[in-house]
Amino acid sequence: MNLPQDYILVLDPERGHCDGANLLESDLQYPVFVANSTEQAVTRVSQGAPCLVILMGNNVQTWSQPLVHQLRQHGHSSDMTIVALTDSTSPQWNYSEDLSGLDGLLVQPLSTDILRSLVESAFARSICH
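These remarks concern the structure in this document. (Residues numbered from 1 in each chain as written. Predicted model: local features only at pLDDT ≥ 70, side-chain atom pairs only at ≥ 80, totals over all residues. Heavy atoms only, no water.)

## What to know about helix H2 (residues 38–47)
Item 1. For H2, every residue scored as buried is listed here: Ala41, Val42, Arg44 and Val45. All buried residues of H2 project into a common sector of 160 degrees when viewed along the axis, lining one side.
Item 2. For H2, the secondary structure elements touched by its buried residues are strand E1 (8–11), strand E2 (32–35) and helix H3 (65–72). (Buried < 20%, exposed > 50% of the residue type's maximum accessible area, 1.4 Å probe, protein only. Helix = DSSP H or I, 4+ residues; strand = E, 2+ residues; numbered from the N terminus. Arc of directions from axis to C-beta. Contact = heavy atoms within 4.5 Å.)

Spelled out as structure tokens, the structure:
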């Protein structure tokens, strides 16, 4: 089964529910898939690369370089944008070499305008490559 590239993948293993994705699903024109585990996220990307992957949580292991590399291994997945989203209170929110495989690091709370701009940028990147 091949999925279109115009979807957003959210990896949210710490919460296991969609509270982080509620904002994503509000006014965006792209479908959102929430993965509860890294395995589920990798499987979904192997079926069709999204335009945007958002790795949620305060655990740097969620965003490890091996995971980012694994996500980028599939087909046109090098065109996708991968960002991490964490809380401002997290001790790991400073961008470091441990997170070097990411395209960016975002800190909650996110406004709808910032999120919409991120999604539009990621979609444009996916079709321009």
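More follows now that the structure is in view.
## Digging into the pattern of salt bridges
Item 1. Under the definition given, this model contains three salt bridges.
Item 2. Put simply, Asp103 and Arg72 hold a salt bridge, and the shortest N to O gap is 2.8 Å. Of this pair, Asp103 sits in the loop between strand E4 (81–87) and strand E5 (104–108) while Arg72 sits in helix H3, placing them 31 residues apart in sequence.
Item 3. A residue is classified by how much of its surface remains accessible, and Asp103, at 37% relative accessible area, is partly exposed.
Item 4. The partner of Arg116 in a salt bridge is Asp113, and the shortest N-O contact between them spans 3.6 Å. Of this pair, Arg116 and Asp113 both sit in helix H4 (residues 112–128), separated by three residues, roughly a single helical turn. (Salt bridge = Lys/Arg side-chain N within 4 Å of Asp/Glu carboxyl O.)

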